[in-house]
Amino acid sequence: RERFVHGLLARARRARGDEQGARVALRAEEQASQTTWVDPWAAEVRRRTAGVSAAMKRANELLLAGDARGALGVLEPVQARVPENLAVVQLAIKAALEADALEQAARWIAEARARFAQQFKLELYAGELALARRDFAGAKRALEASLALNPSFGPTLALLGEVEMQLGELAAAEAAFARALEQDVADLRTRILLGQARIQLGRFAPAIELLRRTCEEFPDSAVPRAHLAEALARAGESEAARAALAEAEKIDPDFGYLVKVRALLE
């Protein structure tokens, strides 16, 4: 979780000419949440900080570390103390959703909607809640309401694409994912889902192009290679598909999606 170490590693790899390794280290630096304090007095002060801003900072660190329950525990008393603070309320809802505390999230969303009008993130979280409950029609309504308030927010577009795929609206899903990428949503999941939407639409050439770029951007992941192998196989490029499959197997032979691709090639 040390940002500084990942940054140094990126510089070292780049100095050795390893550009792909440098990109991996830089992505890790972006996700890292911790910088160690060298001054022991500063570290002691930081450990004992209190108040809204300190709680939010701590909760954010826990969310980045994957501890949504811990973040929720930090935020619950703060949210109860300052329900008029929109930033706290939104972070508490986000933590509740990630912790799968859906009833709590639903209660906070309803209270926040009554207190704060026309907030696109509240509608986004309402969409996330509906999706978690597999209410796809309700999720789409909430996400469209969020986009009406903020049409260019990438995470909303990406989530709308997921909902539309669940509803079987593949062309709309492809458009939503493509718009999300235009808004700098560059995570692996969104790229793979866009590739899958194109594969299911029979648009193999743009799917292959996208997935090849994704393999370059995520050289340490078997996921884009497996999906690239599927796209190539469905496009009739069997030899290229087998080569992509072999690359995926080298990285992670236990990746479950490989079973589907092997069967497709057979």
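Model, not experiment: these values are computed from the prediction.

What am I meant to see in unusual backbone geometry here?
The residue D100 is not glycine, and still its phi comes out positive at about 65°. Secondary-structure assignment places D100 in the loop between α6 (86–98) and α7 (102–115). You will see that D184, though not glycine, has its phi angle at about 70°, which is positive. Taking relative accessible area as the criterion, D184 reaches 69% and is therefore assigned exposed.

Just to check I follow, could you spell out the nonpolar core for this structure?
It is characteristic of soluble globular proteins that their nonpolar side chains tend to be buried jointly. Formed by 34 residues in total, the largest nonpolar core has its most connected members in L72, I93 and L97. Secondary structure elements with two or more residues in this core: α4 (52–64), α5 (68–81), α6, α7 and α8 (120–132). Here this core takes nine residues from α6, the largest share from any one element. Those residues in contact with L97 that lie beyond four places of it in its chain are L102, A105, Y125, E128 and L129. Of all hydrophobic cores here, the second largest spans 23 residues; its members include L211, L232, A241 and Y257.

Looking at this structure, how should I read helix α10 (residues 154–166)?
An α-helical turn contains 3.6 residues, so a residue and the one three or four places further along point in the same direction. Compared with an ideal rise of 1.5 Å per residue, which puts 13 residues at 18 Å, α10 spans 19 Å between its outermost C-alpha atoms and is within 8% of the ideal. Of all 13 residues in α10, eleven are buried; the element is thus mostly enclosed. Taken together, the buried positions of α10 are occupied by G154, T156, L157, A158, L159, L160, G161, E162, V163, E164 and M165. Residues of α10 that are buried in the fold lie against α8, α9 (136–149), α11 (170–182) and α12 (188–200). Of the residues one or two after α10, G168 is the one with positive phi, at around 80°.

Help me understand α4 in this model?
Across its 13 residues, α4 extends 18 Å between first and last C-alpha, which sits within 8% of the 18 Å expected from 1.5 Å per residue. For α4, the set of buried residues is A54, A55, M56, A59, E61, L62 and L63. With its phi angle positive at about 85°, G66 sits one or two positions after the end of α4.

I tried to follow the packing of α4 against α6 on my own but got confused; where do I start?
In a packed pair of helices, the relevant descriptors are the angle between the two axes and the axis-to-axis distance. Contact geometry for α4 and α6: axes closest at 11 Å, N-to-C directions at 25°. Considering the angle they form, α4 stands roughly parallel to α6. Classified by chirality, the crossing of α6 by α4 is left-handed. For the pair formed by α4 and α6, the contact residues are V52, M56, A59, N60 and L63 on the first element and A87, V88, L91, K94, A95 and E98 on the second.

Thresholds applied
- In this convention, every chain numbers its residues from 1, walking through the sequence in written order.
- Only residues with pLDDT of at least 70 are given local features in this predicted model, and only at 80 or more are side-chain atom pairs given and counted; all residues enter the totals for whole chains, interfaces and linings.
- The side-chain values count all of the structure's non-hydrogen atoms but skip hydrogen atoms and water molecules.
- Numbering of helices and strands runs from the N terminus, with a helix taken as a DSSP run of H or I at least four residues long and a strand as a DSSP run of E at least two residues long.
- Three labels apply to residues, based on accessible area from a 1.4 Å probe with only protein chains included: buried if under 20% of the type maximum, exposed if over 50%, partly exposed otherwise in between.
- Put simply, buried Ala, Val, Leu, Ile, Met, Phe, Trp, Tyr and Cys residues joined by side-chain atoms within 4.5 Å make one nonpolar core.
- The contact criterion used is simple: two residues touch if any of their non-hydrogen atoms lie within 4.5 Å.
- A helix is expected to span 1.5 Å multiplied by its residue count minus one.
- Where helices are involved, their axes are fitted lines through C-alpha atoms of the stretch in contact, as for all axes, and angles between N-to-C directions lie from 0 to 180°.
- For classification purposes, an angle smaller than 35 degrees is called roughly parallel, one larger than 145 roughly antiparallel, one from 65 to 115 roughly perpendicular, and anything else oblique.
- Handedness of each helix crossing follows the sense of rotation of the near helix against the far helix: counterclockwise by less than a right angle gives left-handed, clockwise gives right-handed.

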